[in-house]
Amino acid sequence: MSPFKDLSESSPNASLFTLAPLPMDADGIAQGFQHYYAHTFGRDRDCRSSYYPYKALAITLRDRLMERWKRTRHAHDQANCRRTYYLSLEFLMGRSLSNALLNLDLTDATRQSLYQMGLLYEEIEQAEMDAGLGNGGLGRLAACFLDSCATLQLPVKGYGLRYEYGMFRQLIEDGRQVEEPDHWMRDGNPWELERPEYTQRIPFFGRTEEYKDHNGRSCRRWVDTHDVLAVPYDIPIPGYRNDTINTLRLWSAAATDEFDLGEFNAGSYPESVAAKNDAEHITMVLYPNDANECGKELRLRQQFFLASASIKDVIREWVRLQGRDFSTFADKNCFQLNDTHPAVSVAELMRQLMDDHGLEWEAAWEITSRTMAYTNHTLLPEALERWPVRLFQQLLPRILEIIYEINARFLSLVAARWPGDIDRQRRLSLIEEGDDPQVRMAFLAIVGSFSVNGVAALHSDLLKKGLFRDWYELWPEKFNNKTNGVTPRRWLAMCNEPLRDLLDETIGTGWVCDLSQLSRLAPHADDAAFRARWDDIKQANKARLSRLVASTCGIEFPPEFMFDVQVKRIHEYKRQLLNILHVIHLYNRIKHGDGDLGAPRCVLIGGKAAPGYEMAKLIIKLINNVAKVVNADRSVSERLRVAFIPDYRVSVMEILAPGTDLSEQISTAGKEASGTGNMKFMMNGAVTIGTLDGANIEIRERVGEDNFFLFGLTAEEVERTRGNYDPNGIIAHEPALQEVMGLLESGHFNQFEKGIFDPIINGIRSPHDPWLTAADFDSYRRTQLLAAETYKDRERWLRMSILNTAHSGFFSSDRTIAEYNRDIWKLDTVEPSPFGSW
Ligand SMILES: *Cc1c(COP(=O)(O)O)cnc(C)c1O
């Protein structure tokens, strides 16, 4: 029942029922700011912290987002439109303040109004903690996609988990990674809005039983469950200057009030309260594994918690607007699964439709398999999720029953298509047999989805030929490619203001929402005056990067050196090791007085290693040890400097991408599904040195082979090399690599830590090294030399830099999302409703 009486007719003061739009100018911002700063937070001008100014400004902006948010929601309801839900265990959002200012077109007004109050925007901005609710590329992709969906005015809602602790903070102590918990919400989160009225109950454990419904029909149900509450928190996702505000809904776990009441009544009050913790632990922490399955029970709980809560929420809305008739549900709803992490949604949607809403299997399956779409993110076998059947049996017994039934029906279809082909049935089964049978989550996702996509052309192709070959043979029409992209708002307009201004002046402002317009820059690459301005901007961005490196690493990077940057999660397949071997090679040549190395360079490497990934952590140690030797040697450091930047995250990338000359994208071919760091660097005018892997291939196609430094084996050559790989033979025949190995093996970089790098040395020398580091070394070394020589030709390099930005238009996530919408989602755009009464 509404607490509001309808006074609209009788009210003596109608103005109380209409809300005037909030002012969008410097004075309006100042008023809002002062109100929250002084009245809500009780601060005055003597306050030293920039946290309160940040919070006051954030809430001032949130008010302006809020009025547009309601209009967007209202328009979606009115339009009764088809919608998409982007389900992801990760959203790597970074900071929200500058992004909200940019998208609301309030950056200048806010700077001005703060300045008049004696405050510096640049300092206030720093007070915001990154929302690090993701590991790397997969989580950042989800964040870029939300920005593009709002900008394209598509009715898309993100669903994720509200982790209390995001991605750990990385410290470097004695050259080694140390992890610290990231309590990012400790001081509150001004961007979120709690929605307790939409709380859902999520079942776990218990057992299943048969019963007869009121029609005498035999049904199954899940009983004696231990329920956990899912409480939603909404985060506004502003489109670019279009008044659309979409929603990211994050679920937080809470204990039910009656939690373990039995124990409570038995007098063990502390035990019963302690048990509450167990429920609340579900959303306590993000698992810090990137491209790696972790197999922990709590992780499966997180996955089901997200799937179940989000589907219940969607069905609740469906029932509110459409009633209990599900016949058009699949026409109006689509779930996009970000990797297999939320793949249990296939079985959970079946369960809710059958057990909670009385649908028959066939009707429920028709809806489910027309509603789900799955994006695959990796070919690495260690990342393929499988869950033990026994874990499912205990934690999600009803879900396991449904998975078994899906599998039985599916395998009879396979048997009909390929009679007698038992091996094929075994290969395609959702259950991997063995001592400890496993549920194959990727297969569950494929059976239950109408679309299966990879994230770059090569990756989608390899999926069809390799991992999903049998599935492709069965259902070729399901398979498609959607090459990743990144949002040009955050990754160009927001993080590189000087370049944005030059672009606006040169080609107009339309590029921000139509990045293909950047191609109009290409002719300016031949204009010397334009190149000079481009150079000035790059130098300014390099100076900013330099200041960051000086303050976080204590190392001076001279802006006239070539800035060579590799930042991404530390993983063997990404080959940070190859990079540091090349650094050792340069060091060795400089020490031998062989000075013809092209331009002097600063090498910057950064990224987090999963806490249990010992080899990745050892590579961080090696990078830091090499950096120490190089930087301490005066004869070397005038030509070469090396730093490891700690705690690589979104807000750090916003400074690195604009200040980079050379972008390192050097994964073993066939291993990097797409990469998106490569796109951010390209957009900001860095030139790539890379292998033919992931989206590098498409980057090179667009920018042209003259403007890309290519090296290394192809994916096909990598596969052919396996089985007859002889790294020791390669090392023996390549003097440069032999000398590098000599330095490593002599303990030159670990004089007081004998033998610590042996696992790395043994890996490089192993004929079973999956990453073929030695195989690509010489090609990499020669291509690096070419890059450093090219860099000395300033005009040539500037031309390459300009052309990289000019041809980066394809890598806008607006293009990616337009393709998802054209081929998979098929949503109509919706404009927000006009301003109205509250
Ligand atoms: C873009 C981005 C990534 C992905 O980088 P790749 O080089 O594609 O692996 C990872 N982490 C952060 C913080 C990013 O911004």
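For the chain, the name recorded in an unreviewed UniProt entry is Alpha-1,4 glucan phosphorylase, with Thiohalocapsa marina as its organism. Checking UniProt for the chain, the heading Catalytic activity (unreviewed entry) contains the comment "[(1->4)-alpha-D-glucosyl](n) + phosphate = [(1->4)-alpha-D-glucosyl](n-1) + alpha-D-glucose 1-phosphate".

Participant: Can you break down the overall build of the chain residue by residue, with the values?
Facilitator: Across its full length, the chain holds 34 helices and 25 strands. Taking 2.2 N^0.38 as the reference for a compact globule, 838 residues should give roughly 28 Å; the C-alpha atoms of the chain span a radius of gyration of 28 Å, in line with that estimate. Principal-axis analysis of the C-alpha atoms gives the chain an extent of 90 × 75 × 60 Å. Per-residue burial over the chain gives 60% buried out of 838 residues. Counting only contacts in the chain whose residues sit at least 6 apart along the sequence, the fraction spanning at least 24 positions is 78%. Counting every atom, the chain has about 32,800 Å² of accessible surface; 50% of that belongs to carbon and sulfur. Placing the 97 positive and 118 negative side-chain charges of the chain at their respective mean positions leaves the two points 1 Å apart.

Participant: If you had to explain the sheet that holds strand S21 (residues 601-606) to someone new, which residues and values would you point to?
Facilitator: Within the open sheet, the six strands sit side by side as S22-S21-S20-S23-S24-S25. Their pairing is parallel. Strands with a single pairing partner mark the edges of an open sheet, and in this sheet they are strand S22 (640-645) and strand S25 (709-710). Pairing of strand S24 (residues 687-690) with S25, which is carried by two bridges, proceeds in the parallel orientation. Counted as the bridge partner of Gly 690 is Leu 710 from S25. Relative to the sheet, helix H21 (residues 528-553) contacts strand S20 (562-567), S21 and S22, its axis offset from that of S22 by approximately 65 degrees. Contacts from helix H33 (residues 794-806) reach S20, strand S23 (662-665), S24 and S25, with the element oriented near 90 degrees to S24.

Participant: How would you sum up the pattern of salt bridges? Please name residues and give values.
Facilitator: Applying the stated rule across the entire model yields 73 salt bridges. Between Arg 370 and Asp 331 there is a salt bridge, with its nearest N and O atoms 2.6 Å apart. In this pair, Arg 370 is assigned in helix H12 (residues 361-371) and Asp 331 in helix H10 (residues 329-332), connecting sequence segments 39 residues apart. Given a relative accessible area of 35%, Arg 370 falls into the partly exposed group. In this structure Asp 331 comes out as partly exposed when scored by relative accessible area, which is 38%. Between Lys 574 and Glu 672 there is a salt bridge, with its nearest N and O atoms 2.9 Å apart. One end of the pair, Lys 574, is in the loop between S20 and helix H22 (576-591); the other, Glu 672, is in the loop between S23 and helix H26 (677-683), and 98 residues separate them in sequence. For the pair shown, Lys 574 and Glu 672 are each scored as buried. Look at the salt bridges and you will find they share partners, linking Asp 77, Arg 83, Lys 157, Arg 195, Glu 197, Asp 234, Arg 249, Asp 313, Arg 316, Glu 317 and Arg 320 into a network.

Participant: Any chance you could break down the site of the ligand for me, citing the residues and the numbers?
Facilitator: In the vicinity of the ligand lie 13 residues, with Lys 568, Lys 574, Thr 676, Gly 677 and Lys 680 positioned nearest. Between the ligand and Lys 574 there is a distance of 2.8 Å, counted from an oxygen atom to a side-chain nitrogen or oxygen. Contact distances for the ligand include 2.8 Å between an oxygen atom and a backbone N or O atom of Thr 676. Per-class residue counts for the shell around the ligand are four nonpolar, five polar and four charged.

Participant: So what about the UniProt feature "modified residue: N6-(pyridoxal phosphate)lysine" (unreviewed entry) in the chain? Which residues, and what values?
Facilitator: On the UniProt side, "modified residue: N6-(pyridoxal phosphate)lysine" (unreviewed entry) is annotated at positions that read Lys 680 here. Beyond its immediate sequence surroundings of up to four residues, Lys 680 is in contact with Arg 140, Val 486, Trp 491, Met 653 and Ala 657.

Participant: Outline the sheet that holds strand S15 (residues 386-388), listing residues and values.
Facilitator: Taken in spatial order, the three strands line up as S15-S17-S16 in an open sheet, and their pairing is antiparallel. Of all the strands in the sheet, the pair left with one neighbour each is S15 and strand S16 (431-432). With three bridges connecting them, S15 and strand S17 (residues 438-440) associate as antiparallel partners. What sits directly across from Trp 387, in S17, is Val 439. Most of the contacts of helix H16 (residues 441-448) go to S17, to which it runs at about 45 degrees, and overall it touches S15 and S17.

Participant: Describe the side chain of Asn 484, naming the residues involved and giving the relevant values.
Facilitator: Secondary-structure assignment places Asn 484 in the loop between strand S19 (479-481) and helix H19 (488-494). At a separation of 3.5 Å, a polar atom in the side chain of Asn 484 contacts the side chain of Ser 674. The residues touching Asn 484, leaving out its near neighbours within four places in the chain, are Leu 141, Phe 145, Val 455, Ser 674, Thr 676, Met 679, Phe 811, Arg 815 and Thr 816.

Participant: Kindly report on the pairing of strand S10 (residues 218-223), identifying the contributing residues and their values.
Facilitator: The pairing of strand S9 (residues 207-212) with S10 spans six bridges and is antiparallel. Paired with Glu 210 across the two strands is Arg 220, which belongs to S10. Between the end of S9 and the start of S10, which pair antiparallel, lie five residues, with Gly 216 showing a positive phi angle near 80 degrees.

Participant: Please set out the packing of H21 against H33 residue by residue, giving values where relevant.
Facilitator: At a closest axis distance of 10 Å, the pairing of H21 and H33 adopts a crossing angle of 80 degrees. Here H21 lies roughly perpendicular to H33, going by the angle between them. Of the residues in H33, those touching H21 at Phe 530, Arg 531, Trp 534, Asp 535 and Gln 539 are Arg 794, Glu 795, Leu 798, Arg 799, Ser 801, Ile 802 and Thr 805. Of the residues in the contact of H21 with H33, the class split is four nonpolar, three polar and five charged.

Participant: Please give an account of the packing of helix H9 (residues 297-322) against helix H11 (residues 345-356) that cites residues and values.
Facilitator: Between H9 and H11, the least distance of the axes is 9 Å, while the angle of their chain directions is 45 degrees. With respect to H11, the axis of H9 lies oblique. Relative to H11, H9 is oriented so that their crossing is right-handed. Residue-level contacts link Phe 304, Ala 307, Ser 308, Ile 311, Lys 312 and Ile 315 of H9 to Ser 345, Glu 348, Leu 349, Arg 351, Gln 352, Leu 353 and Asp 356 of H11. Broken down by class, the residue content of the contact of H9 with H11 amounts to six nonpolar, three polar and four charged.

Participant: Break down the pairing of strand S8 (residues 200-204) for me, with residues and values.
Facilitator: For a regular strand, side-chain orientation follows a simple rule: the groups alternate between the two sheet faces. Counted residue by residue, S8 has four buried out of five residues, so it is predominantly covered. Sheet analysis places S8 next to strand S11 (residues 226-238), joined by five bridges and oriented antiparallel. When the bridges of S11 are listed, Gln 200 appears paired with Ala 230.

Participant: Before we move on, could you go through the nonpolar core and cite the residues and values that matter?
Facilitator: In terms of nonpolar packing, the biggest core is built from 108 residues, with Phe 305, Phe 392, Phe 468, Trp 471 and Trp 825 touching the most fellow members. In terms of residue count, the dominant contributor to this core is H9 (ten residues). Dropping the residues within four chain positions of it, Trp 471 is found in contact with Phe 410, Leu 428, Leu 430, Phe 443, Ile 446, Val 447 and Phe 479.

Participant: Any details on the environment of Ser 49? Residues and values, ideally.
Facilitator: Mapped onto the elements of the fold, Ser 49 is located in the loop between helix H1 (26-40) and helix H2 (51-79). Here the alpha-carbon distance between Ser 49 and Leu 250, two residues 201 residues apart in the chain, equals 29 Å. Within the local environment of Ser 49, its side chain forms a polar contact with the backbone nitrogen of Tyr 51, the two atoms lying 2.8 Å apart.

Participant: So what's going on with the packing of aromatic side chains? Residues and values would help.
Facilitator: Here a ring pair, both rings aromatic, is described through the centre-centre distance and the interplanar angle of the planes. Enumeration according to the criterion identifies 28 aromatic pairs in this entry. Where Phe 326 meets Phe 329, the ring centres are 5.9 Å apart and the plane angle is 50 degrees; that geometry is what we call tilted. Phe 329 shares its class with Phe 326; the two are buried. Between Phe 410 and Trp 475 the ring centres are 5.7 Å apart and the planes differ by 45 degrees, which places this aromatic pair in the tilted class. Highlighted residues: Phe 410 in helix H14 (residues 397-417) and Trp 475 in the loop between helix H18 (469-474) and S19, separated in sequence by 65 residues.

Participant: If you had to explain unusual backbone geometry to someone new, which residues and values would you point to?
Facilitator: Of note, Ala 291 is a non-glycine position whose phi angle comes to about 50 degrees, a positive value. Notably, Lys 826 is not glycine yet its phi reads approximately 55 degrees, a positive angle. Positionally, Lys 826 belongs in the segment after helix H34 (813-825). Judged by relative accessible area, which is 55%, Lys 826 ranks as exposed.

Thresholds applied
Residues numbered from 1 in each chain as written. Predicted model: local features only at pLDDT ≥ 70, side-chain atom pairs only at ≥ 80, totals over all residues. Heavy atoms only, no water. UniProt positions renumbered as here; feature names shortened; annotations may be inferred. Helix = DSSP H or I, 4+ residues; strand = E, 2+ residues; numbered from the N terminus. Rg over C-alpha atoms; globule rule 2.2 N^0.38 Å. Buried < 20%, exposed > 50% of the residue type's maximum accessible area, 1.4 Å probe, protein only. Contact = heavy atoms within 4.5 Å. Areas by Shrake-Rupley, 256 points an atom, 1.4 Å probe, with all protein chains shown as cover. Lys, Arg positive; Asp, Glu negative; His and termini not counted. Charge placed at Lys NZ, Arg CZ, Asp CG, Glu CD. Pairing = 2+ DSSP bridges. Axes fitted to C-alpha atoms, helices over the stretch in contact; angles between N-to-C directions. Salt bridge = Lys/Arg side-chain N within 4 Å of Asp/Glu carboxyl O. Near = heavy atom within 4 Å. Polar contact = N/O pair within 3.5 Å; in protein donor to acceptor, adjacent residues only side chain to side chain. Nonpolar A, V, L, I, M, F, W, Y, C, P; charged D, E, K, R; others polar. Parallel < 35°, antiparallel > 145°, perpendicular 65-115°, else oblique. Left-handed = near helix turned anticlockwise from the far one by under 90°. Core = buried A, V, L, I, M, F, W, Y, C linked by side-chain atoms within 4.5 Å. Phe/Tyr/Trp six-rings, centres within 6.5 Å; stacked < 30°, edge-to-face > 60°.

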